[in-house]
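Report on the structure
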Amino acid sequence: MLCKIYDKNPNPKELEYVADILRGGGVIIYPTDTLYAIGCDALNVRAVERVCNIKNIDPNKKYLSIVCADLSDLSNYAKVNNSVFKLMKRNLPGPFTFILHATTSLPKIYRNRKEVGIRVPDNTIALELVKTLGNPILSTSLTDDKGGIEYLTDPELIEERYANKVDMVIDGGYGNINASTIVNCLNDEPEIIRQGMGELQY
């Protein structure tokens, strides 16, 4: 199912419709400020497991990332000190994933690795969807598995490819082709471990 949502002025009814799918354990593909991403309610373990199966992710070996609407409830999901919080505040919303120590309020599937990626993308659809849902959204980027760049950026082709795997694809316009910059904040000094979009402002 393909659902068109406009980035500049998302329709609240359409957002609520998608949020209901997520509340029911559904999996969606949605736009971010970087690549289109596969997502679900981050606190619904069965939905998280579905996403991991679609992307062949082993949560014991790879950290999981969640999208938050802002940093106001960050402490519910991750442990963060003042200097890292200030760094995040300077750079978010933006194309960055900050890896932090996970809190015990996240389901056990996140705590296997005791870390979580935090995203606050500069994309109105993603942020408004998180607000409407009331929970963070688990997020993992679409990757090019030899289908060509169009299958990462064109919502109609994305829907064609993933129609049997996800419950909805949000058409938010053509997507980007670059991933987020990943910043490891698990140690004393933040370290960029993957340079993607954006220049980190220290």
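My aim in this report is to walk through the structure given alongside it, one point at a time. (Residues numbered from 1 in each chain as written. Predicted model: local features only at pLDDT ≥ 70, side-chain atom pairs only at ≥ 80, totals over all residues. Heavy atoms only, no water.)

A word on the overall build of the protein chain
- For the protein chain, the helix and strand inventory stands at seven helices and eleven strands.
- The globule rule puts the C-alpha radius of gyration for 202 residues at 17 Å, and the 16 Å found for the protein chain is close to it.
- Seen along its three principal axes, the alpha-carbon backbone of the protein chain occupies a region of about 45 × 35 × 35 Å.
- By the burial criterion, 51% of the 202 residues in the protein chain qualify as buried.
- Once local pairs closer than 6 in sequence are excluded, the contacts in the protein chain between residues at least 24 apart make up 65%. (Helix = DSSP H or I, 4+ residues; strand = E, 2+ residues; numbered from the N terminus. Rg over C-alpha atoms; globule rule 2.2 N^0.38 Å. Buried < 20%, exposed > 50% of the residue type's maximum accessible area, 1.4 Å probe, protein only. Contact = heavy atoms within 4.5 Å.)

Comments concerning the pattern of salt bridges
- Within the structure shown, the criterion is met by seven salt bridges.
- Residues Glu115 and Arg113 are paired through a salt bridge, measuring 2.9 Å at the closest nitrogen-oxygen approach. (Salt bridge = Lys/Arg side-chain N within 4 Å of Asp/Glu carboxyl O.)

What about the nonpolar core?
- One finds Ile29, Met88, Phe98, Tyr110 and Ile118 to be the most contacted residues of the largest nonpolar core, which totals 45 residues.
- Going through the elements one at a time, β3 (37–41), α2 (45–55), β4 (64–67), α3 (82–91), β6 (96–102), α4 (108–111), β7 (115–119) and α7 (155–162) are the ones with two or more residues in this core.
- No other element matches α2, which puts five residues into this core.
- What Met88 contacts, discounting residues up to four positions off in sequence, is Leu71, Leu74, Val80, Phe98, Leu100 and Ile118.
- Of all hydrophobic cores here, the second largest spans 20 residues; its members include Val18, Leu22, Ala126 and Ile170. (Core = buried A, V, L, I, M, F, W, Y, C linked by side-chain atoms within 4.5 Å.)

Describing the packing of aromatic side chains
- With the rule as written, the count across this model stands at one aromatic pair.
- For the ring pair Phe96 and Phe98, a centre distance of 6.3 Å and an interplane angle of 45 degrees mean the geometry is tilted. (Phe/Tyr/Trp six-rings, centres within 6.5 Å; stacked < 30°, edge-to-face > 60°.)

Considerations on α3
- Every buried residue of α3 is listed here: Val84, Leu87, Met88 and Asn91. Projected onto a plane normal to the axis of α3, the buried residues spread over an arc of 95 degrees and lie on a single side. Set apart from the buried face of α3 by more than 90 degrees, the exposed residues are Asn82, Lys86 and Lys89. (Arc of directions from axis to C-beta.)

Here we look at helix α1 (residues 12–23)
- Look at α1: 16 Å from first C-alpha to last across twelve residues, which is about the 16 Å you get at 1.5 Å a residue.
- Within α1, the full set of buried residues consists of Leu15, Val18, Ala19, Ile21 and Leu22. All buried residues of α1 project into a common sector of 155 degrees when viewed along the axis, lining one side.
- On its buried side, α1 packs onto β2 (28–30), β3, α5 (124–133), β8 (137–141) and β9 (168–171).
- The N-terminus of α1 is capped by Asn11, whose side-chain oxygen sits 2.8 Å from the backbone nitrogen of Lys13. (Expected span 1.5 Å × (residues − 1). Polar contact = N/O pair within 3.5 Å; in protein donor to acceptor, adjacent residues only side chain to side chain.)

As for the environment of Ile158
- For Ile158, the location among the structural elements is in helix α7.
- Residues within four places of Ile158 in sequence aside, it is in contact with Ile29, Tyr36, Leu142, Tyr151, Leu152, Thr153 and Val169.

Let's talk about unusual backbone geometry
- Following Leu92, the chain continues into Pro93 via a peptide bond in cis, with omega recorded as 0 degrees.
- You can see Pro93 is positioned in the loop between α3 and β6.
- A positive phi angle, close to 55 degrees, is found at Asn56, a residue other than glycine.
- Along the polypeptide, Asn56 turns up in the loop between α2 and β4.
- Here the phi dihedral of Lys114 falls at roughly 60 degrees; this positive angle occurs in a residue that is not glycine.
- You can see Lys114 is positioned in the loop between α4 and β7.
- Residue Lys114 is classed as exposed on the basis of its relative accessible area, which comes to 60%.

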